[in-house]
Amino acid sequence: MSEAVRRASQRNVVVAGAGIPGLTLALALAQANGPALRVTLCDPGLAAGAARHAGRAYAVAAGGRRMFERLGIWEAVRGAAQPIRDMVVSDSRLADPVRPVFLTFAQDSDSDATADRDDAPFAHMVEAEPLVAALLAAARAAGIVFEAHGIVEAVPEARATRIVLDDRRSFDAALLVAADGARSRLREAAKIGWVGWSYPQMGLVATIGHARDHGGRAYEHFLPSGPFAILPLVDGGALGHRSSIVWTERAADVPALTGGGPEETLREIERRFGLNLGELVLERGPSAHPLAFGLARSYCAERLALLGDAAHVIHPIAGQGLNLGLAGAAALAEAVTDALRLGLDPGSRDVLLRYERARRFDTLAMGAMTDGLNRLFSNDVLPLRLARDLGLGLVDRLPALKRLFIGEAAAARGSLPRLLRGEAL
């Protein structure tokens, strides 16, 4: 490779996968480095645009919101973002007539937890389709190259990676980022090991219309089969108000619960949803998703970095999957941008190890916490029920501990990447 070609390839970064973490990383790199860096986004699903994300919604923590504000897209999605003002946690059997509340989180508990102390909620429920649409529009404006093609081969060399698309075109890049999902072909091709297991559970996701205003309150109701979360969405729909539910159920029971048609499914949802929000209608779903835990043995290989679900998959019990992906995008964008400004190779091992060190411990800790919570709460063993309810009650009575939990959920504690603090790269 000639010196001129080597220098040109070192100004190229390719992101494989146009999910939210991949799009966010590409946008952050393009905005921070301008025309000095060529960023290419490869995904066969780009042809479908944001529509392929319809019906999904995510809890975006305060750190992710600050990041989106810095990238200039939060105003475009604000109308689709519902603040979570407080949260109620309960624990009971399905047939119990009373659902005792053991733990509450309110926005005023977060007064010392947000890094910028702007009195913002610790999280927003954001619908995926407008969020992806805003990211795509900003990416086009930033000059990112879109390739609606998959990557079939990536051959790392000493000074660049040779990337081959499914239409047989090829080009060189200093760094390839695999943001291509939990079954990442690029991770497998790089022979990066994967530690994980499947849960005997399915996650059911649906959008519910209801007659009464949710007031920005989220509910996490622990049942023996798994948590049933009610997450507030912006107003709309047939009854005027909407929420997203994330319903964890034993995998063996899912066909019986969802196979009888929409009316029967709605009755099952009503048994778990409760009467607080009045009349219910099923607006979308439910869609069923297998649940698993997984962690890549390394987040990088030669000129390759893993991002999002390609690097880690966790149980949705705490709603932190997307936030981990956004934190990874912020850390990788910072490591690559700092290297470029120093005239260093952005795909070098030192740069990629900096990214891995920044994210590995936090990701492992969050994965272990969600796995432990799921095992603790998804059962009906009396001693465990008594112990966990006592623990929830103690947390509820200790404001400092509550602030610690909220700070972690809001991405407001510890050593954060600059974008999660709302700072420029």
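Residues numbered from 1 in each chain as written. Predicted model: local features only at pLDDT ≥ 70, side-chain atom pairs only at ≥ 80, totals over all residues. Heavy atoms only, no water.

## Some remarks on helix H10 (residues 349-377)
Right, so step 1: Along its 29 residues, H10 runs 41 Å from first to last C-alpha, staying within 8% of the 42 Å computed at 1.5 Å per residue.
Right, so step 2: At Arg-359, H10 shows its strongest bend, of approximately 35°.
Right, so step 3: For H10, the complete set of buried residues consists of Val-351, Leu-352, Tyr-355, Glu-356, Arg-359, Thr-363, Met-366, Gly-367, Thr-370, Asp-371, Asn-374 and Phe-377. (Helix = DSSP H or I, 4+ residues; strand = E, 2+ residues; numbered from the N terminus. Expected span 1.5 Å × (residues − 1). Bend = angle between axes of the 7 residues up to and from the residue. Buried < 20%, exposed > 50% of the residue type's maximum accessible area, 1.4 Å probe, protein only.)

## Some details on the sheet that holds strand E16 (residues 241-250)
Right, so step 1: Spatial strand order, E6-E5-E14-E15-E16-E13-E17-E20: eight strands in an open sheet with mixed pairing. Bordering the open sheet on either side are strand E6 (101-106) and strand E20 (312-313), each of which pairs with just one other strand.
Right, so step 2: By the bridge criterion, five bridges tie strand E5 (residues 86-91) to E6 in an arrangement that is antiparallel. Residue pairing in the sheet places Met-87 in a bridge with Phe-105 of E6.
Right, so step 3: Sheet contacts for helix H8 (residues 262-273): strand E13 (194-210), strand E14 (217-223), strand E15 (226-232), E16 and strand E17 (280-296); angle to E17, the most-contacted strand, approximately 70°. (Pairing = 2+ DSSP bridges. Contact = heavy atoms within 4.5 Å. Axes fitted to C-alpha atoms, helices over the stretch in contact; angles between N-to-C directions.)

## Points about the packing of aromatic side chains
Right, so step 1: Under the defined criterion, the tally for this structure stands at three aromatic pairs.
Right, so step 2: Between Trp-197 and Phe-293, the aromatic rings sit 4.7 Å apart at their centres with planes inclined by 20°, giving stacked as the arrangement. Placement of Trp-197 in strand E13 and of Phe-293 in strand E17 is noted, with a sequence separation of 96 residues between them.
Right, so step 3: For Trp-197, a relative accessible area of 35% puts it in the partly exposed group.
Right, so step 4: A centroid spacing of 6.3 Å and a plane angle of 40° characterise the contact between Tyr-299 and Tyr-355, whose relative ring orientation is tilted. One end of the pair, Tyr-299, is in the loop between E17 and strand E18 (300-301); the other, Tyr-355, is in helix H10, and 56 residues separate them in sequence. (Phe/Tyr/Trp six-rings, centres within 6.5 Å; stacked < 30°, edge-to-face > 60°.)

## Brief notes about the pairing of E15
Right, so step 1: Burial of E15 is extensive: seven of the seven residues sit out of reach of the surface.
Right, so step 2: Of the pairings in the sheet, the one linking E14 to E15 comprises five bridges and is antiparallel in character. Opposite Glu-220, over in E15, you have Ala-229 as the bridge partner.
Right, so step 3: Taking the residues between adjacent antiparallel strands as the criterion, E14 and E15 are bridged by two residues.
Right, so step 4: Looking at chain direction, E15 and E16 are connected through five bridges and run antiparallel.

## Here's the deal with the packing of helix H2 (residues 20-33) against helix H9 (residues 321-341)
For any two helices packed against each other, the geometry is given by the interaxial angle and the distance between the axes.
Right, so step 1: Where H2 meets H9, the axes come as close as 9 Å, and the angle between the chain directions of the two elements is 25°. In terms of axis orientation, H2 runs roughly parallel to H9. Note on packing geometry: the crossing formed by H2 with H9 is right-handed. Here Ile-20, Pro-21, Thr-24, Leu-25, Ala-28, Leu-29, Ala-32 and Asn-33 of H2 come into contact with H9, specifically with Leu-322, Gly-325, Leu-326, Ala-329, Leu-332, Ala-333, Val-336, Thr-337, Leu-340 and Arg-341. (Parallel < 35°, antiparallel > 145°, perpendicular 65-115°, else oblique. Left-handed = near helix turned anticlockwise from the far one by under 90°.)

## Here's the deal with unusual backbone geometry
Right, so step 1: Going from Gly-285 to Pro-286, the amide bond is cis rather than trans, its omega being 5°.
Right, so step 2: For Pro-286, the location among the structural elements is in strand E17.
Right, so step 3: One non-glycine residue, Lys-191, adopts positive backbone phi at about 60°.
Right, so step 4: Within the secondary structure, Lys-191 sits in the loop between helix H6 (185-189) and E13.
Right, so step 5: Look at Lys-191 and you get exposed, because its relative accessible area is 74%.

## Overview of the pattern of salt bridges
Right, so step 1: Inspection of the entire model under this criterion finds 20 salt bridges.
Right, so step 2: For Arg-217, the salt bridge identified is with Asp-86, shortest N-O distance 3.0 Å. With Arg-217 in strand E14 and Asp-86 in strand E5, the pair connects residues that are 131 residues apart, well separated along the chain.
Right, so step 3: Classification of Arg-217 by relative accessible area gives partly exposed; the value is 32%.
Right, so step 4: In this structure, Arg-272 and Glu-268 form a salt bridge, with 2.9 Å as the shortest nitrogen-oxygen distance. Within this pair, Arg-272 and its partner Glu-268 are both found in helix H8, separated by four residues, close to a single helical turn.
Right, so step 5: Here the residues in one salt-bridge network are Glu-249, Glu-268, Arg-271 and Arg-272, joined through shared partners. (Salt bridge = Lys/Arg side-chain N within 4 Å of Asp/Glu carboxyl O.)

## Some thoughts on the nonpolar core
Right, so step 1: Membership of the largest hydrophobic core comes to 76 residues, with the highest contact counts inside it found for Leu-25, Phe-68 and Ile-151.
Right, so step 2: No other element matches H9, which puts twelve residues into this core.
Right, so step 3: With near-sequence residues (within four places) excluded, Leu-25 lies in contact with Val-15, Val-177, Leu-307, Ala-329, Leu-332 and Ala-333.
Right, so step 4: Counting 18 residues, the second-largest nonpolar core is a separate cluster that includes Leu-204, Phe-228, Trp-247 and Phe-273. (Core = buried A, V, L, I, M, F, W, Y, C linked by side-chain atoms within 4.5 Å.)

## Points about H8
Right, so step 1: Spanning twelve residues, H8 covers 15 Å between terminal C-alpha atoms, matching the ideal 16 Å at 1.5 Å per step.
Right, so step 2: Buried within H8 are the following residues: Thr-265, Leu-266, Glu-268, Ile-269, Arg-272 and Phe-273. Each buried residue of H8 lies within a common arc of 160° when the element is viewed along its axis, so the set occupies one face.
Right, so step 3: If you follow the buried residues of H8, they end up packed against E13, E14, E15, E16, helix H7 (254-258) and E17.
Right, so step 4: Trailing H8 by a residue or two, Gly-274 shows a phi angle of about 90°, which is positive. (Arc of directions from axis to C-beta.)

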